[in-house]
Amino acid sequence: MIKLLLLGTAGCHLCEEAKVIIEAYSVQDTDQLAIEAVDIAEQTQWQANYAERIPVLYHPATQQDLGWPFDRNDINEFISGLSND
């Protein structure tokens, strides 16, 4: 299973759009994918690295990320480029 973080923050309208895409994706692909929403306000490092780029899909195992905008096809390409952890 591939584990990803959806980095965002409260009040971010783009983050809400990304959540809708992720939820639709996750419903169809629950066997291979686990996505956890994380508020970047929780860690200073995430704020420094991602404040101007959110929403971002982040793969902790490889430290690769996919920045907004993205759609289902972009997510598929991103996942296919990752090593399974």
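Use the structure listed above.
Residues numbered from 1 in each chain as written. Predicted model: local features only at pLDDT ≥ 70, side-chain atom pairs only at ≥ 80, totals over all residues. Heavy atoms only, no water.

A. Here's a closer look at the overall build of the chain. Counting secondary structure elements, the chain contains 3 helices and 4 strands. From first element to last, N terminus to C terminus, the chain shows the α and β order β-α-β-α-β-β-α. Residues counted as buried form 35% of the 85 residues belonging to the chain. Across the chain, contacts joining residues at least 24 apart in sequence account for 65% of those joining residues at least 6 apart. Counting every atom, the chain has about 5,100 Å² of accessible surface; 45% of that belongs to carbon and sulfur. (Helix = DSSP H or I, 4+ residues; strand = E, 2+ residues; numbered from the N terminus. Buried < 20%, exposed > 50% of the residue type's maximum accessible area, 1.4 Å probe, protein only. Contact = heavy atoms within 4.5 Å. Areas by Shrake-Rupley, 256 points an atom, 1.4 Å probe, with all protein chains shown as cover.)

B. Broad picture of the nonpolar core. Leu-4, Leu-57, Phe-70, Ile-75 and Ile-79 are the most contacted members of the largest nonpolar core, which has 14 residues in total. Those elements that provide at least two residues to this core are strand 1 (2-8), helix 1 (13-28) and helix 3 (72-80). Counting 11 residues, the second largest nonpolar core, distinct from the first, contains Leu-5, Leu-7, Cys-12 and Ile-54. (Core = buried A, V, L, I, M, F, W, Y, C linked by side-chain atoms within 4.5 Å.)

C. Structural detail: unusual backbone geometry. Put simply, Ile-54 and Pro-55 share a cis peptide bond, and its omega is 0°. Here Pro-55 shows up in the loop between helix 2 (44-50) and strand 3 (56-59). Each neighbour pair has its own omega, and for Trp-68 with Pro-69 the value is 5°, a cis peptide bond. Inspection of the secondary structure assignment puts Pro-69 in the loop between strand 4 (64-67) and helix 3.

As far as function goes, none of this settles anything; it's purely spatial.
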